[in-house]
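Chains, contacts and geometry: an overview
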Amino acid sequence: MVLGEIYISPFSSLTFDKITHPFEECVGYIQKFALSDSGMFLRFTSDSAHDFRLRLSDEYGSILSVSDSENLGTIDRLHSYRIPVPIAPDCGIYGLELQVRYGADRITFLKTCVEFISDEEAMNTTILFEATNKFDDWFIPFGEGDVAEWRITGGLPKNGFESAVIQNSFRDQRIRSHQLSQKPYTLKTLVLGDCFGVPIWAGEKLNFFLSLSDVRITYREEKKARIVRSEGEAPAMTGIADYYPLYIFKCRIEEQIEHPYYYANE
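My aim in this report is to walk through the structure given alongside it, one point at a time. All values reported here derive from a predicted model rather than from experimental measurement.

Here's the deal with the overall build of the protein
- In terms of helices and strands, the protein carries 3 helices and 17 strands.
- Over its C-alpha atoms, taken along the principal directions, the protein stretches across nearly 85 × 45 × 35 Å.
- When the 266 residues of the protein are sorted by exposure, 42% land in the buried category.
- Within the protein, counting contacts between residues at least 6 apart in sequence, those at least 24 apart form 67% of the total.
- Element-wise, carbon and sulfur atoms account for 51% of the exposed surface of the protein, whose accessible area totals about 15,100 Å².
- Distance between charge centres in the protein, computed from 27 positive and 39 negative side chains, equals 7 Å.

Structure representation (structure tokens):
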């Protein structure tokens, strides 16, 4: 069997960690999922059609749950797949393996560890992204209402709020300024990572998510707030220590306030 290449979508809820360099500290980030995260999917493409599955196991290697793949069809000669991320019965660290059927056997070719946390801890320490797009792109049939979800350590710090304004004014012959109009708005700093940081792929994934047409986040008081990146902002990376492979990412965003008045008059 020739498996070919597997490409994990940047909008996948699950990412398999990349190998660190030998000169870097041997530390890693364990992805977190809430016990109520039912809309998480591993999204990827393959050169050829296969039967994939995700297997969830505990620390002793006992199989707890298995999710089978769904073939979404062929896009640009690549087979697009999604697999629901199996949810653990309790909080703790578990193993996830991506397997492919080979005859009567299953072969594991990607594996990682994930942590399941309570809904309360998830609300206080992580951000839930839910995004969709006006057009089908990145091997995801957004036209069918598919929503890409992703949970990552981070938040909106209180000192990351900034007031801004769009102002239209002119000066008369006496150089006096006259205001014609102004629209104030608020900038917020979205932060990924805590004091231990997150991998580089988290910053890359954030940049992809903010490129979609409809992005919403859930974090503490921000309950499914619709956001956009501010003025072409891109995530900025801050190192924590030399040769430490985890980082802090920051990006300025704006919240799109949705008033009920507009819905009533559409």
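There's more to say after this.
Remarks on the pairing of strand 11 (residues 148-155)
- By the criterion of burial, strand 11 is predominantly enclosed, with 8 of the 8 residues buried.
- Sheet analysis places strand 10 (residues 126-132) next to strand 11, joined by 6 bridges and oriented antiparallel. Its bridge partner lying in strand 11, Leu128 is registered against Arg151.
- Where strand 11 meets strand 13 (residues 177-192), 2 bridges bridge the pair, whose relative direction is antiparallel. Considered in strand 13, the bridge of Gly154 is made with Leu192.

Section: the sheet that holds strand 2 (residues 31-34)
- Strand order in the open sheet formed by 5 strands is 2-9-8-4-5, with mixed pairing between adjacent strands. Edge positions in the sheet fall to strand 2 and strand 5 (63-68), since each has one partner strand and no second. Each strand axis lies, on average, 35° off the axis of its neighbour in the sheet, ignoring direction.
- Across 5 bridges, strand 4 (residues 52-57) lies against strand 5 in antiparallel orientation. Paired with Leu54 across the two strands is Ser67, which belongs to strand 5.

Brief notes about the nonpolar core
- Judged by nonpolar contacts, the single largest core of 31 residues is most densely connected at Phe129, Trp150, Ile152, Leu192 and Leu206.
- For this core, the secondary structure elements donating two or more residues are strand 10, strand 11, strand 13, helix 2 (200-209), strand 14 (214-219), strand 15 (222-229) and strand 17 (247-255).
- Residues Phe52, Leu54, Tyr81 and Ala88 belong to the second largest nonpolar core, which totals 20 residues.

Quick look at the environment of Gln182
- Note that Gln182 resides in strand 13.
- The class of Gln182 is partly exposed, set by a relative accessible area of 40%.
- Along the backbone, Gln182 and Asn168 are 14 residues apart, and their C-alpha atoms lie at a distance of 6.1 Å.

So, the environment of Asn133
- Within the secondary structure, Asn133 sits in the loop between strand 10 and strand 11.
- Looking at Asn133, the relative accessible area reads 15%, which means it is buried.
- Each C-alpha atom, one on Asn133 and one on Gly143, is 7.7 Å from the other, the two residues being 10 residues apart in sequence.
- With near-sequence residues (within four places) excluded, Asn133 lies in contact with Phe142, Leu212 and Ser213.
- For Asn133, the side chain forms a polar contact with the main-chain oxygen of Phe135, separated by 3.2 Å.

What about unusual backbone geometry?
- Positive phi outside glycine occurs at Ile175, with the angle close to 65°.
- Structurally, the position occupied by Ile175 is in the loop between strand 12 (161-171) and strand 13.
- For Tyr243, which is not glycine, the phi dihedral falls at a positive 60°.
- Locating Tyr243 in the fold gives a position in the loop between strand 16 (236-239) and strand 17.

Focus: the sheet that holds strand 7 (residues 78-84)
- Strands sit in the order 1-3-7-6 across an open sheet of 4 strands; the sheet is antiparallel. A single partner strand is all that each edge strand has here, and the edge strands are strand 1 (6-8) and strand 6 (70-75). For this sheet, the mean angle separating the axes of adjacent strands, direction not counted, is 25°.

Considering the pattern of salt bridges
- Tallied over the full model, the rule gives 15 salt bridges.
- A salt bridge links Glu115 to Lys32, with the shortest nitrogen-to-oxygen separation between them at 4.0 Å. A residue pair is termed long-range when its members are at least 10 positions apart, and Glu115 in strand 9 (residues 105-117) and Lys32 in strand 2 qualify at 83 residues.
- The partner of Arg252 in a salt bridge is Glu233, and the shortest N-O contact between them spans 3.6 Å. You can see Arg252 sitting in strand 17 and its partner Glu233 sitting in the loop between strand 15 and strand 16, a full 19 residues away along the chain.
- In this structure Arg252 comes out as partly exposed when scored by relative accessible area, which is 28%.
- Because the salt bridges share partners, they merge into one network encompassing Arg43, Glu70, Arg82 and Asp146.

Conventions and cut-offs
Throughout, residues of each chain are indexed from 1 in the direction in which the sequence is written. In keeping with the predicted nature of the model, local features appear solely for residues at pLDDT of at least 70, side-chain atom pairs appear and are counted solely at 80 or more, and the whole-chain, interface and lining totals rest on all residues. Side-chain descriptors were evaluated using all non-hydrogen atoms of the structure, hydrogens and water having been removed beforehand. In this text, helices come from DSSP runs of H or I with a minimum length of four residues, and strands from runs of E with a minimum of two, each type numbered from the N-terminal end. Note on classification: 1.4 Å probe, protein chains only; a residue is buried when its accessible area is under 20% of the maximum for its type, exposed when over 50%, partly exposed between these limits. Residue contacts follow a heavy-atom distance rule, with two residues in contact if any of their heavy atoms lie within 4.5 Å. Surface accessibility in these figures is a Shrake-Rupley result with a 1.4 Å probe; residues are shielded only by whichever protein chains are displayed. Positive charges come from Lys and Arg, negative ones from Asp and Glu, while His and the chain ends are left out of the count. Lysine's charge is taken at NZ, arginine's at CZ, aspartate's at CG and glutamate's at CD. When DSSP finds at least two bridges between two strands, those strands are taken to pair. In this description, a line fitted to the C-alpha atoms serves as the axis of each element, helices being fitted only across the stretch in contact, and the angle between N-to-C directions of two axes falls anywhere from 0 to 180 degrees. Joining through side-chain atoms within 4.5 Å is the link that ties buried Ala, Val, Leu, Ile, Met, Phe, Trp, Tyr and Cys residues into a set, and such a set is a nonpolar core. Distance and chemistry together define a polar contact, namely a pair of N or O atoms within 3.5 Å, with one atom able to donate a hydrogen and the other to accept it when in protein, and with adjacent residues in sequence counting only for side-chain atoms on both sides. Salt bridges are defined by distance alone: a side-chain nitrogen of Lys or Arg within 4 Å of a carboxyl oxygen of Asp or Glu.

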